[in-house]
Amino acid sequence: MLVASMRVMAVLLSSGLANLSDRARGGQHSGWGAAHVDSAVVALKPDVVFIEFAINDAVTRFDLSLDTIRRNLDTILDRITTALPACEIILQVMNPAFG
């Protein structure tokens, strides 16, 4: 399924029917996302947004509580849905980090 999805995306991108914009900042947690969602995401007026901060939010040096992470994600989701109600949001989550 993933390979088929990647092929579809490749066709869409190469045909000009879709644009891809990576607005991520390596090594950042959801607090960075909440602070920059308006300029990094909303300003682009996307149709679809993929959000994934799970692994960086689990980094112990950031010392983020679950409440803080939830507030950050709620802020990101609220700002996108308020400004772009038709935007599809795909929240990528993962299993707890081990190791």
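Structural data are supplied above this passage.
Below is a short write-up of the structure. (Residues numbered from 1 in each chain as written. Predicted model: local features only at pLDDT ≥ 70, side-chain atom pairs only at ≥ 80, totals over all residues. Heavy atoms only, no water.)

Describing the nonpolar core
Counting 15 residues, the largest nonpolar core has V41, V49, I51, F53, L73, I76 and I80 as its most contacted members. Of all elements in the fold, only α2 (30–40), β1 (48–51) and α4 (66–83) reach the threshold of two or more residues within this core. For I76, the residues in contact, after removing those within four places along its chain, are S30, G33, A34, V37, I51 and F53. (Core = buried A, V, L, I, M, F, W, Y, C linked by side-chain atoms within 4.5 Å. Buried < 20%, exposed > 50% of the residue type's maximum accessible area, 1.4 Å probe, protein only. Helix = DSSP H or I, 4+ residues; strand = E, 2+ residues; numbered from the N terminus. Contact = heavy atoms within 4.5 Å.)

Overview of the environment of I69
Inspection of the secondary structure puts I69 in helix α4. Classification of I69 as buried rests on a relative accessible area of 15%. Along the primary structure I69 and A54 are separated by 15 residues, whereas in three dimensions their C-alpha atoms are 8.9 Å apart.

Considerations on the side chain of H29
Following the sequence through the fold, H29 ends up in the loop between α1 (2–15) and α2. Beyond its immediate chain neighbours, meaning those up to four positions away, H29 contacts F53, N56, D57, F62 and L64.

Digging into α2
Buried residues of α2: S30, W32, G33, A34, V37 and A40, and no others. Check the buried side of α2 and you find it contacts α3 (54–57) and α4.

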